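# Observations on the three-dimensional arrangement
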Amino acid sequence: MIAILFIAAAFFIFIGLPVAIALAGASLLFILIDGSLPSMVVIHRMVSGVDSFPLLAVPFFILAGNLMNSAGITNRIFEFAKALVGWLPGGLGHVNVGGSVVFAGMSGAAVADAGGLGAIELKAMREAGYDTEFSVGITAASSTIGPIIPPSLPMVIYGVLASASIGKLFAAGLVPGLMMAVALMIMIFWYAKRRNYPVDSAFSIQRVATSTRGAFLSLMTPLIVVGGITTGILTPTEAAIAAVAWALFLGTVVYRSLNLKRLVIVSLKSIETTAVVLFVVSAASIFAWILTNHNIASAMAEGLMTISDNKYVILSIILVLLMVIGCFMETIAAMTILVPVLLPTVTQLGVDPVHFGVIMVLTLMISLLTPPVGVVLYVLSSISNLSFERCVAATAPFLVPLVAVLLIVTFVPDLVMWLPNLIYP
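Everything quoted here is computed from the prediction, not taken from an experiment. Numbering of residues starts from 1 in each chain and follows the order in which that chain's sequence is written. Only residues with pLDDT of at least 70 get local features here, since the model is predicted, and only at 80 or more are side-chain atom pairs given and counted; chain-wide, interface and lining totals rely on the full set of residues. Only heavy atoms go into the side-chain values, all of them from the structure, while hydrogens and water stay out.

## What to know about the overall build of the chain
Cut-off, in case you're wondering: The helix and strand labels rest on DSSP assignments: H or I over at least four residues marks a helix, E over at least two residues marks a strand, and numbering proceeds from the N terminus. C-alpha atoms define the radius of gyration, and 2.2 Å times the number of residues to the power 0.38 defines the globule rule. Only protein chains enter the area calculation, which uses a 1.4 Å probe; residues under 20% of their type maximum are buried, those over 50% are exposed, and those in between are partly exposed. In what follows, a contact means two residues having at least one pair of non-hydrogen atoms within 4.5 Å. Here, Shrake-Rupley sampling with a 1.4 Å probe gives the accessible areas, and only protein chains in the shown set may cover a residue. For this count, His and the chain ends are skipped, Lys and Arg are scored as positive, and Asp and Glu as negative. Here the site of a charge means atom NZ of a Lys, CZ of an Arg, CG of an Asp or CD of a Glu.
Along the backbone of the chain there are 21 helices and zero strands. Over its C-alpha atoms the chain spans a radius of gyration of 21 Å, differing by no more than 12% from the 22 Å that the globule rule assigns to 425 residues. Over its C-alpha atoms, taken along the principal directions, the chain stretches across nearly 70 × 50 × 50 Å. When burial is assessed residue by residue, the chain has 54% of its 425 residues classed as buried. Look at the contacts in the chain between residues 6 or more apart in sequence, and 79% of them connect residues 24 or more apart. As displayed, the chain has an accessible area near 17,200 Å², and 69% of this comes from carbon and sulfur atoms. On the chain, the mean spot of the 17 positive side-chain charges and the mean spot of the 17 negative ones are 14 Å from each other.

Here is the structure:
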């Protein structure tokens, strides 16, 4: 009987329906055929799926990221990163990664990074003579750092689904995010030596000081958000609201780059994005509820345990499963469905829910760079006027360092957990 649910969802996605409608439609069809529950349970479960105070952080982080993209903050971040690392071989490639690290502390979304900061980076790299494919590849790869370094929208949603501390999840993402940046910069250095890419400019203390002054107020955003959460002064939702307030202050009072018309456009764009994200969460929640209610989670846990009782073997299987599902399903939907199914299994094996959250988010972020769903690739294809197929080929080499970091994060949990354990003893 449960096969109907999966077959219907796969069919709806295959014929091109949006993921949220496919999941909700498949759930409704299953309930109608099953006949044991009234059809109205779909609405009730969808509403309860988004009836969560921590989820209020999602629209505010989305709005904060859009405000920063529209307030000229991304330009200042780019100049700051250029002064810091532009002197390295392949300078603008390193700037691309450095800018993503800084912007990650403000938006927490890969698409916001790719669409906002990415547009600036691609233009600069093209003008400096870099290959378009190389520029697109590193921009796509670096954008995945955004949801790993705090704050992070997927971490917020995982925390709600897993009843895990969002503060701990944010702290746990910092080291893996920096590891991703270092791994990508090593690959850029290798490419630069092989292709004789230029440095942007010689290192200058004066230039660093000037760019730091210009970006200082923008750089306060991660301090407000992450510092507020880790010290316990702010909840994730309050921190998201503080980020919006700070972005509004910078855009309207300090930089004066946001007028009323632009603010309305940004707000409408944020409302649209929020509606899509939360609709996916609500639709996936009824799908996940059916799976849990019919003991699919228990059956899967038992099935995995029959393969092996070694947690690293199980984690390896889960990595492959997440990567494959991430190729075909939007990140938030995949998390909402899989967290209730997989979390009981890994916790039974002694894996910390916070550690598993970082593994899941990082794996699904890498999947954003793979076809056919690859949302980041579609964004960059539009910005760069490069075909989707060429974007896929350009990004493929940069999957190597990202997957290497994923494996280290998965199998060396102390790297992930030492910081959250230090902050939250």
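That covers the picture; the talk isn't over yet.
## Description of the pattern of salt bridges
Pairing is possible between side chains that carry opposite charge, provided their charged atoms lie close to one another. The line we're drawing: Think of a salt bridge as a Lys or Arg side-chain nitrogen and an Asp or Glu carboxyl oxygen that are within 4 Å of each other.
One pass over the structure, following the stated rule, counts two salt bridges. Between Lys82 and Glu79 there is a salt bridge, with its nearest N and O atoms 3.6 Å apart. Pair noted here: Lys82 and Glu79 are both in helix α5 (residues 73–85), with a separation of three residues, about one helical turn. The class of Lys82 is buried, set by a relative accessible area of 14%. Glu79 sits in the partly exposed class, given a relative accessible area of 37%.

## Quick word on the state of the cysteines
So the rule is basically this: The definition used for a disulfide is geometric: two cysteine sulfur atoms within 2.5 Å.
What the rule picks out here adds up to zero disulfides. Between Cys327, a cysteine without a disulfide, and Cys391, which holds the nearest cysteine sulfur, the sulfur-to-sulfur distance is 16 Å. Given the relative accessible area of 0%, Cys391 is considered buried.

## What to know about the packing of helix α15 (residues 311–328) against helix α20 (residues 399–411)
As a reminder of what qualifies: Here an axis means a line fitted to C-alpha atoms, over the contact stretch when the element is a helix, while the angle between two N-to-C directions is reported on a 0 to 180 degree scale. Whether a crossing is left-handed or right-handed is set by the direction in which the near helix is turned from the far one by less than a right angle, anticlockwise for left-handed and clockwise for right-handed. For this scheme, ten residues count as nonpolar: Ala, Val, Leu, Ile, Met, Phe, Trp, Tyr, Cys and Pro. Four count as charged, namely Asp, Glu, Lys and Arg, and the remainder, Gly too, count as polar.
Interaxial distance between α15 and α20 falls to 11 Å at its minimum, and their mutual angle equals 145°. Along this stretch, α15 crosses α20, giving a crossing that reads as right-handed. Contacts between α15 and α20 pair Tyr312, Leu315, Ser316, Leu319 and Met323 from the former with Leu406, Leu407, Thr410 and Phe411 from the latter. Split into classes, the residues belonging to the contact of α15 with α20 amount to seven nonpolar, two polar and no charged.

## Quick notes on the nonpolar core
For clarity, the cut-off: In this text, buried Ala, Val, Leu, Ile, Met, Phe, Trp, Tyr and Cys residues form a nonpolar core when linked through side-chain atoms within 4.5 Å.
Leu23, Tyr158, Leu342, Phe356 and Met360 are the most contacted members of the largest nonpolar core, which totals 141 residues. With 14 residues, helix α10 (residues 166–195) is the single largest residue contributor to this core. Tyr158 has contacts with Ser163, Ala164, Leu169, Met335, Val339, Leu343, Pro353, Phe356, Gly357 and Met360, leaving out every residue within four places of it along the chain.

## What about unusual backbone geometry?
The amide bond that connects Pro150 to the next residue, Pro151, takes the cis arrangement and shows omega of 0°. Unlike most non-glycine residues, Ser163 shows phi in positive territory, near 55°. Checked against the element boundaries, Ser163 lands in the loop between α9 (153–162) and α10. If you check the backbone angles, Arg256 has positive phi at about 55° while not being a glycine.

## Structural notes on helix α1 (residues 2–14)
Keep this limit in mind: The span you would expect from a helix comes to 1.5 Å times its residue count less one. This arc is taken over the directions from the axis of the helix to the C-beta atoms.
In this model α1 runs 19 Å from its N-terminal to its C-terminal C-alpha over 13 residues, within 8% of the 18 Å that 1.5 Å per residue would give. Listing the buried residues of α1 in full gives Leu5, Ala8, Ala9 and Phe12. Buried residues of α1, seen end-on, are gathered within an arc of 100° and therefore sit on one face of the element. Structural note: α1 exposes Ile7 and Phe14 on the side pointing more than 90 degrees away from its buried face. Taken together, the buried residues of α1 touch α2 (19–34) and α13 (260–293). Of the residues one or two after α1, Gly16 is the one with positive phi, at around 100°.

## Some thoughts on the side chain of Thr274
What counts is decided by this rule: Between N or O atoms, a polar contact is any pair within 3.5 Å; within protein, one atom must be a potential hydrogen donor and the other a potential acceptor, and residues adjacent in sequence are included only when both atoms are from side chains.
Of note, Thr274 is situated in helix α13. Residue classification places Thr274 among the buried positions, given a relative accessible area of 11%. Separated by 2.8 Å, the side chain of Thr274 and the backbone oxygen of Ser270 make a polar contact. For Thr274, the contacting residues outside a window of four places in its chain are Pro59 and Ile62.

## Details of the side chain of Asn66
Its place among the elements puts Asn66 in helix α4 (residues 57–70). According to the relative accessible area criterion, Asn66 is buried, its value standing at 9%. At a separation of 2.8 Å, a polar atom in the side chain of Asn66 contacts the side chain of Ser270. Those residues within four positions of Asn66 in sequence are excluded, and the remaining contacts are Val266, Lys269 and Ser270.

## Brief notes about a nonpolar patch on the surface
So the rule is basically this: Residues forming no salt bridge and having over 30% relative accessible area are the ones grouped into patches, like charges within 9 Å of each other and nonpolar side chains (Val, Leu, Ile, Met, Phe, Trp, Tyr) within 5 Å.
Judged by side-chain polarity, Phe11, Phe14, Ile15, Leu17, Ile21 and Phe279 come together as a nonpolar surface patch covering roughly 620 Å² of accessible area. In this structure, Ile21 sits in helix α2.

## With respect to the packing of aromatic side chains
To describe a pair of aromatic rings, you give the distance between the ring centres and the angle between the ring planes. To keep things clear, this is the line we draw: Note on ring pairs: Phe, Tyr and Trp rings are taken, using the six-membered ring of Trp, and paired if centres are within 6.5 Å. Classes follow the plane angle, with under 30 degrees stacked, over 60 edge-to-face and the rest tilted. Whether a charge sits over a ring depends on NZ of Lys or CZ of Arg being within 6 Å of the ring centre and within 35 degrees of the ring normal.
All chains considered together, the criterion is met by nine aromatic pairs. Centre to centre, the rings of Trp190 and Tyr191 are 5.4 Å apart; their planes meet at 75°, and the pair counts as edge-to-face. For Trp190, a relative accessible area of 44% corresponds to the partly exposed category. Exposure remark for Tyr191: the relative accessible area of 10% places this residue in the buried category. Through successive ring pairs, a cluster of aromatic residues spans Tyr130, Phe134, Trp190, Tyr191 and Phe398. Directly above the aromatic system of Tyr255 lies the positively charged group of Arg76, at a separation of 3.6 Å from the ring centroid.

## Here's the deal with the packing of α20 against helix α21 (residues 413–423)
Put simply, the test is: Here the word oblique covers every angle except those under 35 degrees (roughly parallel), over 145 (roughly antiparallel) and from 65 to 115 (roughly perpendicular).
Contact geometry of α20 with α21 gives a least axis separation of 5 Å together with a crossing angle of 70°. In terms of axis orientation, α20 runs roughly perpendicular to α21. Residues Ile408, Val409, Thr410 and Phe411 of α20 form the contact with α21, whose participating residues are Pro413, Leu415 and Val416. Grouping the amino acids of the contact of α20 with α21 by side-chain chemistry returns six nonpolar, one polar and no charged.

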